[in-house]
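Structural overview for review
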Amino acid sequence: MIPDPVPNLTARPYRGLSVQDVAIDLTAAALTDWIIGRDVYRRTEFLLARRDGRACLVALEKAPGPDLFLPVVAARIIARADQVVLVDSPDTDVGNATALAEIAGQHRSAGALAYVVTGCYRHVNFIWQPTPVVLYVDEVVPPHPPKLVDMVRQAIRFDEELPPVRVVSRLISLPMLMRTRPQRPYLLPCRGAGTGAASAEVSYLDAGPAERDDWTVIGCERSKQIYQHHYGGVPSNVDFCPDAVGARAGSGVRLTKCCLLERGTRVAHSVAVVPWGANLDEVRSAVTALVGP
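Attention in this report is confined to the structure presented alongside it. (Residues numbered from 1 in each chain as written. Predicted model: local features only at pLDDT ≥ 70, side-chain atom pairs only at ≥ 80, totals over all residues. Heavy atoms only, no water.)

Right, let's talk about the overall build of the chain for a bit. Along the backbone of the chain there are 7 helices and 17 strands. The C-alpha atoms of the chain give a radius of gyration of 26 Å, which is well past the 19 Å a tight globule of 293 residues would have. Overall, the chain is about 85 × 35 × 30 Å in size when its C-alpha atoms are taken along their principal axes. Counting only residues that meet the buried cut, the chain has 45% of its 293 residues in that class. Counting only contacts in the chain whose residues sit at least 6 apart along the sequence, the fraction spanning at least 24 positions is 58%. Surface exposure of the chain reaches about 15,000 Å², of which carbon and sulfur atoms provide 51%. (Helix = DSSP H or I, 4+ residues; strand = E, 2+ residues; numbered from the N terminus. Rg over C-alpha atoms; globule rule 2.2 N^0.38 Å. Buried < 20%, exposed > 50% of the residue type's maximum accessible area, 1.4 Å probe, protein only. Contact = heavy atoms within 4.5 Å. Areas by Shrake-Rupley, 256 points an atom, 1.4 Å probe, with all protein chains shown as cover.)

To continue, consider the packing of helix 3 (residues 147–158) against helix 7 (residues 280–291). Where helix 3 meets helix 7, the axes come as close as 9 Å, and the angle between the chain directions of the two elements is 70°. By the angle between their axes, helix 3 is roughly perpendicular relative to helix 7. Residue-level contacts link Leu-148, Met-151, Val-152, Gln-154, Ala-155, Ile-156 and Phe-158 of helix 3 to Leu-280, Val-283, Arg-284 and Val-287 of helix 7. In the contact of helix 3 with helix 7, the residues fall into 9 nonpolar, 1 polar and 1 charged. (Axes fitted to C-alpha atoms, helices over the stretch in contact; angles between N-to-C directions. Parallel < 35°, antiparallel > 145°, perpendicular 65-115°, else oblique. Nonpolar A, V, L, I, M, F, W, Y, C, P; charged D, E, K, R; others polar.)

Moving on, we come to the packing of aromatic side chains. The tally for this structure, following the rule as stated, stands at 6 aromatic pairs. Note that Arg-170 overlies the ring of Tyr-136, its terminal NZ or CZ placed 4.5 Å from the centroid. Residue placement shows Lys-257 over the ring face of Trp-276; its charged tip is 4.1 Å from the ring centre. (Phe/Tyr/Trp six-rings, centres within 6.5 Å; stacked < 30°, edge-to-face > 60°. Lys NZ or Arg CZ within 6 Å of the ring centre and 35° of its normal.)

Another aspect to go through is the nonpolar core. Nonpolar side chains in soluble globular proteins tend to end up buried together. Ranked by size, the top nonpolar core spans 20 residues in total, and within it Leu-135, Val-152, Leu-255, Val-283 and Val-287 carry the most contacts. The element that contributes the greatest number of residues to this core is helix 3, accounting for 6 residues. Residues within four places of Val-152 in sequence aside, it is in contact with Leu-135, Val-137, Val-167, Leu-255, Val-283 and Val-287. Core analysis: the second largest hydrophobic core is formed by 18 residues, Val-140, Ile-172, Leu-174 and Tyr-204 among them. (Core = buried A, V, L, I, M, F, W, Y, C linked by side-chain atoms within 4.5 Å.)

Of the strand pairs in this sheet, strand 9 (residues 133–141) and strand 10 (residues 165–173) are connected by 9 bridges, and their pairing is parallel. Paired with Val-140 across the strands is Ile-172, a residue of strand 10. (Pairing = 2+ DSSP bridges.)

Our focus in this paragraph is the sheet that holds strand 16 (residues 266–268). Ordered in space as 10-9-15-17-16, the 5 strands form an open sheet in which the pairing is mixed. With one partner strand each, in any of the chains shown, strand 10 and strand 16 form the two edges of the open sheet. Geometrically, the sheet is characterised by an average inter-axis angle of 20° between neighbouring strands, direction not taken into account. Of the pairings in the sheet, the one linking strand 15 (residues 254–257) to strand 17 (residues 271–274) comprises 4 bridges and is parallel in character. Bridge assignment links Arg-254 to a residue of strand 17, and that residue is Val-271. Along the sheet face, helix 3 touches strand 9, strand 10, strand 15 and strand 17 and points at about 145° away from the line of strand 9.

Let's shift gears to helix 5 (residues 221–231). All of the buried residues in helix 5 are Ser-223, Tyr-227 and Tyr-231. With its buried residues spanning 40° around the axis, helix 5 presents them on a single face. Residues of helix 5 that are buried make contact with strand 11 (186–188) and strand 13 (216–219). Remark: Gly-232 follows helix 5 within two positions and exhibits a positive phi of approximately 70°. (Arc of directions from axis to C-beta.)

Oppositely charged side chains may form a pair once their charged atoms are brought near each other. Within the structure shown, the criterion is met by 16 salt bridges. In this structure, Arg-51 engages Asp-25 in a salt bridge whose closest nitrogen and oxygen atoms are separated by 3.3 Å. Linking Arg-51 in strand 3 (residues 46–51) with Asp-25 in the loop between strand 1 (17–21) and helix 1 (28–35), this pair joins segments that are 26 residues apart in sequence. Judged by relative accessible area, which is 29%, Arg-51 ranks as partly exposed. Where Lys-224 meets Glu-221, a salt bridge forms, and the shortest distance between an N and an O atom there is 3.8 Å. Placement of the pair is Lys-224 and Glu-221 together in helix 5, with a separation of 3 residues, close to one helical turn. Overlapping salt bridges bring together Asp-138, Arg-170, Asp-243, Arg-254 and Arg-266 as one network. (Salt bridge = Lys/Arg side-chain N within 4 Å of Asp/Glu carboxyl O.)

Any link to function would need more than the numbers given here.
What follows is the structure, encoded as C-alpha cells:
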C-alpha cells in the first residue's frame, strides 16, 4: 500500500523520479490503467506524467525482485495536474531539498501540492507541500558577513539528506553593545571584532597591551579568563556570548557557538553549539543533529 505523502517529500535521489511525456488524459483512471503492469526501472519511485504543458505526479509501488526492471503493481496520484507547478530554474540543485523549497516559495500558488523543478544539468525533482524547518543561528558581528551563518548555509547546500531548512540569523552587534557603555575605553577580543564607533578608544586582547587600562571588556567568559590571567582582577564586562544571549531570545531549533567548547559539537534538545573556530564538518554535524532525518 502506498502511504500518504508527507510535507517536504522529494525523490531521494532525484533519479527516483521518472519523467514521461504521455498521450493519455491526465486523469487518475487513465494514468492508473496506463501504468499498472508496466515495467519501470527498479529505482523509480515516482512518475511525472506530462502532456501539453501540464503534469501529474504519481507515486508507484513495484513488485519485489532483483531484476533491473520491475512491474508496477500499485499507483497513487499524489498531485493532479491542477495541483502541480512546473518551474524551470537552471541554477537550482534539485538534489537539495532547501533549494527546492526556496524555488517553490518564489512560485507559490494557491492549491498547489507539488512543485516540480527542472534545475542544473536539466535534472528534475519535486517537493510536495514544502514546509521548511526554521533554524535560528545566533552569531556575533562584525566581521561581516557573519561567518557561522555562512557556514550553516554551506552545510545545508552540501547535504542532500536534510529536509528543507530556512535559516534565520540572529546577530549580536558589537558596536551596539559598545554604545551601552559610552565614553569608555574598550577591550575587544581581536581585530576581527572591528572597532565599533570611530570615536571609541579600542584595544585588543589578543594583542596583549602591556599596561592595564580602565577598560570595559566586550567579550565572553573566555575573554574574562584571559584578562584575569594577564592583568588580574575582574574587569567591567559586557557579555556577548551568542550561546547565552541566544538562549534568552526564545525557543526554537537553534545553532550557535561558544569559545569554551574547543572541538566537536554539543547538542542538547533543540540547541547545538560549535566551537568559536568551528570547521565545516563540525557545523554540518550540528545541523544534521538538529534537523537531519
